[in-house]
Structure formats: structure tokens, C-alpha cells
Amino acid sequence: MKPSPIPDPSGTLACIHCGLCLSACPTYLETGDENQSPRGRIHRMRALEEGRMPWEADTLRAIDLCLGCRACEAVCPSGVPYGAMLEHTRDQIGKRYRRPWLQRLLRRVAIEQVFPYPERLELALAPADVVRALGIERWLPGPIRDALALVPSRREHVELAPFSPATAVAPGGTVRRAGFVAGCAMPVLFSATNANTVALLNRAGFDVVLPPGQGCCGALHAHGGQLDEARAFARRNIEAFERAGVGVVVVNAAGCGSTLKEYGSLLADDPAWAGRAKDFAARVRDLTEVLPVPMPTSAPAHPPGSRVTYHDACHLAHAQRITRTPRDLVKAAAGADYVELPEADVCCGSAGTYNLTEPEMAARLQHRKISHILATGARTVITTNPGCLLQIRAGLIAAGAGDIEVLHLADYLVREPGSGTGRVTTV
Ligand code: SF4
Ligand code: SF4
């Protein structure tokens, strides 16, 4: 495509207004309002950029209400880079618009200064356990009670034990070396899932390295428009994995994977880091991209005769365009018990921290997702992202269906939750 003569840093001019993205957009599906559609938002981003709309609460509302799910990007025939445009616009909002103090507190402190740091997150979650132990949830204000409902009541802590590199099982005879991205929320909320992921990688013939010095991928900051902070996280991770000297970098959280794969564009304007970022991004693989299909399971993966379904995490399906392999892995283990979920790739309302910043729309989408799950009759729901796991679990509990299990794909395939069989190599 010829470069546009009009400055277009966010890429809005690529949109040909065809409207093909509208039926893929969760907020448009819920509201039927063009302002809450990708096309409407792109028009708005352009108007903001050209100074035809003010950077103030009313005009920015539609941008805030976007989930950043990128379903629109995946179906767009014109290749509109919607995710990058949204990040650019949110970066500008951060610079040009001062939010009310409560929103600033939630976004800039609670979300950006707590979630990316496992120790702080662990501390922040401690009061939730106390409130539950005292049974005083019902006395809390509604928004706090809703946020509390997302926190798992039982958080196992499974350490990834160091092991000798030679102990990986290599079905094909060759042991490969993979770096594992442990994440920031995963070790606190889903440490058993991390251990199970490493166990699967071991079984698939990978020696798994857990490079010290790695940290949050920067997704929360990038999606919130804090691009400089996201770049700082990216540099730290690139350095840590370069030191480990691994061929592939494996991640089991869809949201983190999509950000890690985009480090090349995040640091494209930084001459000292652009090449390293591009090289790093090319090595990143979602877990489902490196496991063999079928993956041998060590035990029946679900109660025989009960149905199993799969929910697409947005940042796996839309941002990374990975929909077939995770389904094939689930189908291979579930066999005839697999049932397809209607609207499987429509966002569940979690969207990073969207369920905290936009609880009303998040609840509508959660309800929509839960209705579809209940209609399938499934007793097991599989997905690949921590936010989806929390959102769907909370929704099922609220619907009186808390006995339906919601599992990360790694937990489903290993089926030895909490056994801690994953072994990592220390470097
Ligand atoms: S599908 Fe793409 S080109 Fe068509 S309206 Fe949506 S963003 Fe614009
Ligand atoms: S990112 Fe998702 S919510 Fe936002 S406009 Fe695109 S499809 Fe709609």
C-alpha cells in the first residue's frame, strides 16, 4: 500500500468502512450502536487525531468501552491494524486527558502497580481471603463484591522445581530447549497450571528453562495505553531470555503471548532494541503451537460421558489467529464428548482488567457467555487465558452452576492438578 500523504500514525485511513467487522464486535452485538462498533471507533479515533473531537469524557467513552479483543481485526478484509490503533489512541488519552481521581487510582495504581508484580498481587489478595473467612462479602459495596467474586477461593502454590536437563522425555529422540514465560498473575493465581504446562513440555521433549530476571510481559500497560512502561517490561524480558540462550520462548497465557509476539513493533522505533525485539518475538510460541496433537494424557481427561467444550481466548483466536490447534488438542482428549460452544470466539468480558474498569458491559458479556455454556450441557470448559478462567468461573458460580469445571488446557491435558510434575532447568 502507498504511504498516505496525510499523517496517519494510528493507521485509521486503512478502514474502507465496509462494516464487515460489526457482527464480530461484542460491544456492537450487545448494544446495536454504531458508536460501539469498530467502524464507529475508528471514525472517532481519526476525528480525535485531527482535532475534530475534543479529548474529553463523552467522546472518549466509546474508546473506553472497547474490549481490545481484536475480533474486528481478525475479520477485516482491509488489514486495519485495530489493536495497534487502539493502543496508540489510549496512549494519547493518557497524555491529553486527566481522568477522575477514582479512575486514576484504579488504572494507574491498582492495576498497573499491583497486577504486574507477583509479590504485590499476593499481598493485595490477602484481604480477600480474610473477607471470605469471615463471611462478610454481602456487606461490601457492589463493585468490590463483584471484583472479589473473580478471586479464586483456593489458590494452590506449586513451585517449579529445578531438574537436570537430561530428564525431559523426548518422544522423537531429540531434546529441545525452551524458555518458559511464567508470567506475573499466573504464579500467584495459577501456579499449578504453570507446573502442568512445564510437565507437558517435558513430555513433548523440551528441557524447560525459567530465565531469572523475567517479569510481566507489559500487556496490561500496552492495552491501557502506557506504551513507555510496556517497552520497559519488554526490554527486561528480551534481556532475560537472551541470557538463557533458548531457541523458543513458550507461554501459556494468550494475552501475554500476543504482547510478547508484538515486541518487534513495540520497540520498532528504538534503534538499540528493534532488532533484538524482532528476533525475540519470532521465537515466541503459544503452548498449543509446540505440543503434538494428540497429546498423550496420563488419565481420563474428564468424567466419561460428560460433555467438554472450548472457549477461545480473544488474544489467542484474534490476536494470534490460533483457533484450530487448541481445539484439536481438546477434541483428541475428549473424543465424542466434545461439543462446540456457540459464539466460542466472542469475548467473555474479562479482557485483561476490563471487568474491573467496565463492570457493567463485562457482566453483560459474561452472562452471554454463560448462557451459551449452559446451553451446550458441558460439564468441563477449557480455555487458555487466566482472565477468561476467572471470568467464566465467577459467571458459572453466580448462575448456580459452580460445579461445572473451568480448566486451562494444560490442566485438562495433564489431569494431575497440583501434582507439580513440571521440572525446569536452572540457569
Ligand atoms: S472490516 Fe475493516 S475496513 Fe471494514 S469497517 Fe471494519 S475496520 Fe473498516
Ligand atoms: S477490539 Fe473488540 S470490542 Fe473493540 S471494536 Fe474491535 S471487536 Fe469491538
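Residues numbered from 1 in each chain as written. Chains lettered and ligands numbered in written order. Predicted model: local features only at pLDDT ≥ 70, side-chain atom pairs only at ≥ 80, totals over all residues.

Q: Which parts of the structure should I look at to understand the overall build of the chain?
A: When you go through the chain residue by residue, the secondary structure sums to 21 helices and nine strands. Residues counted as buried form 46% of the 427 residues belonging to the chain. Nonlocal contacts in the chain, meaning residues at least 24 apart in sequence, comprise 78% of its contacts between residues at least 6 apart. (Helix = DSSP H or I, 4+ residues; strand = E, 2+ residues; numbered from the N terminus. Buried ≥ 20, exposed ≤ 12 C-beta atoms within 10 Å, placed from the backbone. Contact = placed C-beta atoms within 7 Å.)

Q: In this structure, what is going on with the site of ligand 1? I would like to understand it.
A: By nearness alone, 14 residues border ligand 1, and Cys 15, Cys 18, Cys 21, Cys 76 and Ser 78 come closest of all. By residue number, the principal contributor to the shell around ligand 1 is helix α2 (residues 38–49), which donates three residues. Among the residues forming the shell around ligand 1, the class breakdown is 10 nonpolar, three polar and one charged. (Near = placed C-beta within 6 Å. Nonpolar A, V, L, I, M, F, W, Y, C, P; charged D, E, K, R; others polar.)

Q: Please clarify how the sheet that holds strand β5 (residues 284–286) should be interpreted in this entry.
A: In sheet architecture, strand pairing relies on hydrogen bonds along the backbone and comes in two forms, parallel and antiparallel. What the four strands build is an open sheet, ordered β3-β2-β4-β5; its pairing is parallel. The open sheet is flanked by β3 (206–209) and β5, the only strands paired with a single partner. Between one strand and the next, the sheet's axes are offset by a mean angle of 40 degrees, whatever the strand orientation. With four bridges connecting them, strand β2 (residues 176–181) and strand β4 (residues 248–251) associate as parallel partners. Note that in β4 the partner of Val 181 across the bridge is Val 251. Sitting on the sheet, helix α10 (residues 191–203) is in contact with β2, β3 and β4, with an inclination near 145 degrees to β3. (Pairing = 2+ DSSP bridges. Axes fitted to C-alpha atoms, helices over the stretch in contact; angles between N-to-C directions.)

Q: Sorry if this is basic, but what is going on with the site of ligand 2 here?
A: In the vicinity of ligand 2, 14 residues are found, and the nearest of them are Cys 25, Pro 38, Cys 66, Cys 69 and Cys 72. Counting only elements with at least two residues in the shell around ligand 2, the list comes to α1 (26–31), α2 and α4 (71–75). Class assignment for the residues of the shell around ligand 2 results in 10 nonpolar, two polar and two charged.

Q: Can you help me understand the confidence of the model for the chain in this one?
A: Any segment with low pLDDT has predicted coordinates that should not be analysed in fine detail. Considering every residue of the chain, the mean pLDDT works out to 86; 88% of them sit at 70 or more. In this model residues 1–7 is a low-confidence stretch, pLDDT under 50, and it forms two contacts with partners more than four residues away in sequence or in other chains. Contacts for the low-pLDDT stretch residues 416–422, under 50 throughout, to residues beyond four places or in other chains number 20 contacts. (pLDDT = per-residue confidence, 0-100.)

Q: Sorry if this is basic, but what is going on with the sheet that holds strand β8 (residues 405–408) here?
A: If you walk across this open sheet you meet the three strands as β6-β7-β8, and the pairing is parallel. The open sheet terminates on both sides in strands that have one partner only, identified here as β6 (307–310) and β8. Looking at each pair of strands side by side, their axes are set apart by 25 degrees on average, direction ignored. By the bridge criterion, four bridges tie strand β7 (residues 378–383) to β8 in an arrangement that is parallel. Bridging across to β8, Val 381 finds its partner in Val 406.

Q: I keep staring at the nonpolar core and nothing clicks. Help me out?
A: One recurring pattern in soluble globular proteins is that nonpolar side chains are buried together. Within the largest apolar cluster, 111 residues are counted, with the highest numbers of intra-cluster contacts made by Phe 180, Val 181, Leu 200, Leu 260, Tyr 263, Ala 277 and Leu 413. Two domains share this core, each providing at least three of its residues, namely domain 1 (12–96) and domain 2 (307–414). Leu 200 has contacts with Leu 291, Met 295, Ala 410, Leu 413 and Val 414, leaving out every residue within four places of it along the chain. (Core = buried A, V, L, I, M, F, W, Y, C linked by C-beta atoms within 7 Å. Domains from an automatic or database assignment.)

Q: Looking at this model, I keep getting lost on the packing of helix α19 (residues 359–376) against helix α20 (residues 386–398). Mind explaining?
A: Where α19 contacts α20, the axes come no closer than 9 Å and their chain directions differ by 75 degrees. Of the possible angle classes, the one that applies to α19 and α20 is roughly perpendicular. Residues Gln 366, His 367, Lys 369 and Ile 370 of α19 touch α20, and the partners they reach there are Gln 391, Ile 392, Gly 395 and Leu 396. Looking at the contact of α19 with α20 residue by residue, the class counts come to three nonpolar, four polar and one charged. (Parallel < 35°, antiparallel > 145°, perpendicular 65-115°, else oblique.)

Q: Can you help me understand unusual backbone geometry in this one?
A: Phi is mostly negative for residues that are not glycine, and the peptide bonds are mostly trans. Of the consecutive residues Val 293 and Pro 294, the connecting peptide bond is found in the cis state with omega at -5 degrees. Positionally, Pro 294 belongs in the loop between β5 and β6. At Ala 351, a residue that is not glycine, the phi angle is positive and equals roughly 45 degrees. Structurally, Ala 351 can be placed in the loop between α17 (324–334) and α18 (354–357). Among the residues examined, Ala 351 registers 26 C-beta atoms within 10 Å and is labelled buried.

Q: Before we go on, may I ask you to explain the pairing of β3 in this structure?
A: As a general feature of sheets, a regular strand has side chains that alternate between the two faces. Of the two faces of β3, the one holding Phe 206 and Val 208 and the one holding Asp 207 and Val 209 are both buried throughout. For β2 and β3, the ladder comprises four bridges, and the chain directions are parallel. Within β3, the position partnered with Arg 176 by the bridge is Phe 206.

Q: Please clarify how the environment of Leu 200 should be interpreted in this entry.
A: As for its placement among the helices and strands, Leu 200 is situated in helix α10. Placed 87 residues apart in sequence, Leu 200 and Leu 287 show a C-alpha to C-alpha distance of 9.0 Å.

Q: Sorry, what's going on with the environment of Asp 286 here?
A: Topologically, Asp 286 is positioned in strand β5. With 30 residues separating them along the chain, Asp 286 and Leu 316 place their C-alpha atoms 8.3 Å apart. Excluding residues within four positions of it along the chain, Asp 286 makes contact with Val 251, Ala 254, Gly 257, Leu 316, Gln 320 and Ile 322.

Q: Hey, could you run me through α17 in this one?
A: Along an α-helix, residues three or four apart share an orientation, since each turn contains 3.6 residues. Among the residues of α17, those classed as buried are Pro 326, Leu 329, Val 330, Ala 333 and Ala 334. Projected down its long axis, α17 shows its buried positions confined to an angular sector of 120 degrees, all on one face. Looking at the buried residues of α17, the elements they touch are β6, α16 (314–317), β7 and α21 (409–414). Looking one or two residues past α17, Gly 335 carries a phi angle of roughly 60 degrees, positive in sign. (Arc of directions from axis to C-beta.)

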